[in-house]
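Here is what each chain is made of, one letter per residue.
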Amino acid sequence: MKSKLSKDEWKKKLTKEQYKVLREKGTEPAFTGKYWNHHEKGIYKCAACGAPLFSSDKKFDSGTGWPSFDQPIDNTNVEERVDTSHGMIRNEVLCSNCGSHLGHVFDDGPKTTGCRYCINSISLDFQQM
Ligand code: FE
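Definitions and cut-offs
- Residues numbered from 1 in each chain as written.
- Predicted model: local features only at pLDDT ≥ 70, side-chain atom pairs only at ≥ 80, totals over all residues.
- Heavy atoms only, no water.
- Core = buried A, V, L, I, M, F, W, Y, C linked by side-chain atoms within 4.5 Å.
- Buried < 20%, exposed > 50% of the residue type's maximum accessible area, 1.4 Å probe, protein only.
- Helix = DSSP H or I, 4+ residues; strand = E, 2+ residues; numbered from the N terminus.
- Salt bridge = Lys/Arg side-chain N within 4 Å of Asp/Glu carboxyl O.
- 1 Å grid on protein atoms, 1.4 Å probe; cavity = no way out; pocket = protein on both sides within 12 Å on 5 of 7 lines; lining within 4 Å.
- Points joined across faces, edges and corners; volume = space filled by probe spheres on them.
- Donors = N, O, S within 2.8 Å, 3.2 Å for Na, K, Ca; no water.
- Tetrahedral: all angles 85-135°; square planar, octahedral: opposite > 155°, others 65-115°.

Enquirer: What's the story with the nonpolar core in this structure? I'm lost.
Expert: The tendency in soluble globular proteins is for nonpolar side chains to be buried as a group. Ranked by size, the top nonpolar core spans 23 residues in total, and within it Leu 53, Phe 54, Tyr 117, Ile 119 and Leu 124 carry the most contacts. Counting residues per element, the ones that place at least two in this core are α2 (16-22), β1 (42-46), β2 (52-55), β6 (90-95), β7 (101-106), β8 (116-119) and β9 (124-128).

What follows is the structure in structure tokens.
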């Protein structure tokens, strides 16, 4: 992990809503985020540290109400960790640069990789290309 901030520094840097998802592993309600129905061309960066995470090329409409991608820009830009919270076994996705929570990855993706990266909009910051 390259970008390390203290709890207080993160609280200062992020909004309350961002902090809840990025640093406390919260989940934004489905169909409420700014990117689930977003179709511009560009890249989605980590909202906490700015690392490039996902590209619009790999985005697909999963119908879940969260922005969904079949792969990250680079596998080394995200980290996966087994998450057993809420009575489920899921694979959590984190930004490998700053360790912030992004969402989860499932193996039911429709595209070539078979992966569905289900990511909170609030964890992302879109940059048009
Ligand atoms: Fe980050």
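Enquirer: Can you walk me through the pattern of salt bridges in this structure?
Expert: Pairs can form between side chains of opposite charge once their charged atoms are near each other. In this structure the tally under the stated criterion is four salt bridges. Glu 79 is the salt-bridge partner of Arg 81, the closest N and O atoms lying 3.5 Å from each other. According to the relative accessible area criterion, Arg 81 is partly exposed, its value standing at 38%. Taking the shortest distance from any N to any O, the salt bridge between Asp 83 and Arg 90 comes out at 3.5 Å. Side by side, Asp 83 and Arg 90 carry an identical accessibility label, which is buried.

Enquirer: Quick question: what am I supposed to make of the layout of surface pockets here?
Expert: Unfilled space is identified by rolling a water-sized probe across the atoms. Estimates place the volume of the largest pocket at around 200 Å³. Along the walls of the largest pocket sit 15 residues, with Thr 27, Arg 90, His 101, Gly 103 and His 104 positioned nearest its centre.

Enquirer: Whenever I open this one, the coordination of the iron ion confuses me. Can you help?
Expert: Ideal values for angles at a metal depend on the geometry: 109.5 degrees with four tetrahedral donors, 90 or 180 degrees with six octahedral donors. Taken together, the protein donors to the iron ion comprise Cys 46 (SG), Cys 49 (SG), Cys 95 (SG) and Cys 98 (SG), at separations of 2.3 Å. Metal-centred angles of 104 to 112 degrees between the four donor atoms at the iron ion mark the site as tetrahedral. Here the donor residues of the iron ion share one chain and are spaced in sequence as C-x2-C-x45-C-x2-C. Each member of the pair, Cys 95 as well as Cys 98, carries the same accessibility label: buried.

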